Amino acid sequence: MANYQLDARKYFQVGEGSTGEYAPAPLEDEIPRVAGKGLDGIARAPEMTRHEHIMAIRNGDLGSLHSWELVTAMDGPGTRMTVFFAGCPLRCLYCHNPDTLRAREGTVATPEAILDRMSRYKAVFKVTNGGVTFSGGEPLMQPAFLGKLLRGAKEMGIHTAIDTSGSLGRNLTDQMMADTDLVLLDVKSGLPDYYERTTGRQLQPTIDFGHRLSEAGVEIWARFVLVPGLTDDIDNIEAAAEIMKEFSSLTRVEVLPFHQMGRDKWETLGMEYQLKDVEPPTKAHTDLIRDIFRSGGLWTFSPILVPVRAGRSRPARTTT
């Protein structure tokens, strides 16, 4: 049963420090830091003036990142280098990485530095049928930077994936789409009101993005996070399944049970965590919801997540 006291729109109404809106021309207080944590093994960005820094961000010659890690059995097929972008337009109540919400709190890096690190794992990617996944945060908040990473990866013959809510799908250009092999699309709720209470934003852009990907033949893996009292009403789940069934290039659905791994981060950041009293769903409940998706003809996967190696300060993961 839905708990209507839970509502992500409160974060925007009370002004928690960021509107979450994507700004093509970054404001001065949105420029990310030159130094920070989470990018061990990635070369530092060169020194530059503030004007040069701002122009580099606008042109995609610098990006704001949280961290990176090397993992297997998650974020796409094979062993993958997952790069976490900083900044997100949503305020999902169950976000387990609230430290990635603001681009200005990330660490700057150049596309060349990320591509250089990526190139070191080409042999691993080839053997495991893996590749690189751009996650976050929301990678489509930095389309120019993301575009250069996608193009560079494809030039090296590396499989590419984007983990996104689809809310900024309009930022994915046709060239970027051509350089994208897989999209991990988070369909966070199936009914508009549930989606807005879950994320603070609207559902329709995600639906539109899924249709656009399907028309282009880009493979989609859909994800749905099961949160008791927030996303688990049957009507909402059935609506999410109906949306996914419309995506002709969708090959897999992952139902991910809510966990409390990110709770301490919210408290450390001084942000209200509305789900502090929510218990994770049982395995039986999660399996029942997966069966609902399966009954709609959707191939629904039960992930077993096995980290292999990680960069420091990595985000928490949603797991079974």
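Going by the structure above, here's the rest.
These numbers were taken from a predicted model, which means no experiment stands behind them.

Engineer: Could you give an account of the nonpolar core, with specific residues and numbers?
Structural biologist: Grouped together as the largest cluster of nonpolar side chains are 76 residues, with contacts concentrated most on Met 81, Ile 114, Met 118, Phe 134, Met 244, Leu 275 and Phe 293. With near-sequence residues (within four places) excluded, Phe 293 lies in contact with Phe 224, Ile 237, Ala 240, Ala 241, Met 244, Val 253, Val 255, Leu 298 and Thr 300. Counting five residues, the second-largest nonpolar core is a separate cluster that includes Ala 45, Ala 56, Leu 62 and Val 108.

Engineer: I'd love a proper account of the pairing of strand 6 (residues 182-186), names of residues and values included.
Structural biologist: Strand 6 sits mainly inside the fold: five of its five residues count as buried. The pairing of strand 6 with strand 7 (residues 219-226) spans five bridges and is classified as parallel. Across the sheet, residue Val 183 finds its bridge partner in strand 7, namely Ile 220.

Engineer: So what about helix 8 (residues 204-216)? Which residues, and what values?
Structural biologist: Since the α-helix turns once every 3.6 residues, residues separated by three or four places project in the same direction. Helix length check: helix 8 (13 residues) gives 19 Å between terminal C-alpha atoms against 18 Å at 1.5 Å per residue, within 8%. The set of residues buried in helix 8 consists of Thr 206, Ile 207, Phe 209, Gly 210, Leu 213 and Ser 214. Taken down its axis, helix 8 places every buried residue within 165° of arc, on the same side. Looking at the buried positions of helix 8, the neighbouring elements they touch are strand 5 (159-164), helix 6 (174-178), strand 6, helix 7 (192-199), strand 7 and helix 9 (234-245). Looking one or two residues beyond helix 8, the residue adopting positive phi is Gly 217, at roughly 75°.

Engineer: So what's going on with the pairing of strand 1 (residues 63-72)? Residues and values would help.
Structural biologist: A large share of strand 1 lies buried, amounting to nine of its ten residues. As defined by bridge partners, strand 1 adjoins strand 3 (residues 107-109) across three bridges and the pair is classed as antiparallel. Within strand 3, the position partnered with Gly 63 by the bridge is Ala 109. Judged from the seven bridges that link them, strand 1 and strand 2 (residues 79-85) form a sheet pairing that is antiparallel. Its bridge partner lying in strand 2, Trp 68 is registered against Val 83. Between strand 1 and strand 2, which pair antiparallel in sequence order, lie six residues; one of them, Ala 73, sits at a positive phi of approximately 65°.

Engineer: Help me get a handle on the environment of Trp 221, residues and values and all.
Structural biologist: Tracing the chain through its elements places Trp 221 in strand 7. Spatially, the C-alpha atoms of Trp 221 and Thr 251 are 6.0 Å apart, while their sequence positions differ by 30 residues. Among residues more than four places away in sequence, those in contact with Trp 221 are Gly 76, Pro 77, Leu 182, Val 183, Leu 184, Leu 185, Thr 251, Arg 252 and Glu 254. Of note is the side chain of Trp 221, whose polar atom sits 3.1 Å from the side chain of Glu 219.

Engineer: Lay out the packing of helix 3 (residues 111-119) against helix 5 (residues 143-155) with the relevant residues and their values.
Structural biologist: Relative to each other, helix 3 and helix 5 sit at 35°, their axes nearing to 10 Å. For helix 3 against helix 5, the interelement crossing comes out right-handed. Each of Pro 111, Ile 114, Leu 115 and Met 118 in helix 3 lies in contact with helix 5, whose residues at this interface are Phe 145, Lys 148, Leu 149, Gly 152 and Ala 153. Counted by class, the contact of helix 3 with helix 5 contains seven nonpolar, one polar and one charged residues.

Engineer: Kindly report on the state of the cysteines, identifying the contributing residues and their values.
Structural biologist: The full count for this structure, using the stated rule, is zero disulfides. With no disulfide of its own, Cys 92 lies closest to Cys 88 among cysteine sulfurs, the gap being 6.1 Å. Given a relative accessible area of 7%, Cys 92 falls into the buried group. Looking at the unpaired Cys 95, the closest cysteine sulfur is the one in Cys 92, lying at 6.4 Å. On the basis of relative accessibility, which here comes to 15%, the residue Cys 95 falls in the buried class.

Engineer: Got a sec to walk through unusual backbone geometry? Specific residues and values, please.
Structural biologist: A cis amide bond links Gly 136 to the next residue, Gly 137, at an omega of 15°. Here Gly 137 is to be found in the loop between strand 4 (131-135) and helix 5. Residue Asn 129 is not a glycine yet carries a positive backbone phi of 60°. In this structure, Asn 129 sits in the loop between helix 4 (122-128) and strand 4. The class of Asn 129 is exposed, set by a relative accessible area of 58%.

Engineer: Run through helix 9, naming residues and quoting values.
Structural biologist: Compared with an ideal rise of 1.5 Å per residue, which puts twelve residues at 16 Å, helix 9 spans 16 Å between its outermost C-alpha atoms and is within 8% of the ideal. All of the buried residues in helix 9 are Asn 236, Ile 237, Ala 239, Ala 240, Ala 241, Ile 243 and Met 244.

Engineer: Please set out the side chain of Asp 163 residue by residue, giving values where relevant.
Structural biologist: In this structure, Asp 163 sits in strand 5. A distance of 3.1 Å separates polar atoms of two side chains, one belonging to Asp 163 and the other to Arg 223.

Engineer: Summarise the packing of aromatic side chains; cite the residues concerned and give the values.
Structural biologist: Tallying each qualifying case throughout the model produces nine aromatic pairs. Ring plane angle 70° and centroid distance 6.5 Å describe the contact between Tyr 4 and Tyr 194, whose orientation is recorded as edge-to-face. In this pair, Tyr 4 sits in the segment before helix 1 (9-14) while Tyr 194 sits in helix 7, placing the two residues 190 residues apart along the sequence. Judged by its relative accessible area of 8%, Tyr 194 falls in the buried class. Note on Tyr 11 and Trp 266: the rings are 5.7 Å apart at their centroids and 35° apart in plane angle, and the pair reads as tilted. In this pair, Tyr 11 sits in helix 1 while Trp 266 sits in helix 10 (residues 263-268), placing the two residues 255 residues apart along the sequence.

What counts and how
Residues numbered from 1 in each chain as written. Predicted model: local features only at pLDDT ≥ 70, side-chain atom pairs only at ≥ 80, totals over all residues. Heavy atoms only, no water. Core = buried A, V, L, I, M, F, W, Y, C linked by side-chain atoms within 4.5 Å. Buried < 20%, exposed > 50% of the residue type's maximum accessible area, 1.4 Å probe, protein only. Contact = heavy atoms within 4.5 Å. Helix = DSSP H or I, 4+ residues; strand = E, 2+ residues; numbered from the N terminus. Pairing = 2+ DSSP bridges. Expected span 1.5 Å × (residues − 1). Arc of directions from axis to C-beta. Polar contact = N/O pair within 3.5 Å; in protein donor to acceptor, adjacent residues only side chain to side chain. Axes fitted to C-alpha atoms, helices over the stretch in contact; angles between N-to-C directions. Left-handed = near helix turned anticlockwise from the far one by under 90°. Nonpolar A, V, L, I, M, F, W, Y, C, P; charged D, E, K, R; others polar. Disulfide = S-S within 2.5 Å. Phe/Tyr/Trp six-rings, centres within 6.5 Å; stacked < 30°, edge-to-face > 60°.

Nothing here speaks to function; it is geometry throughout.
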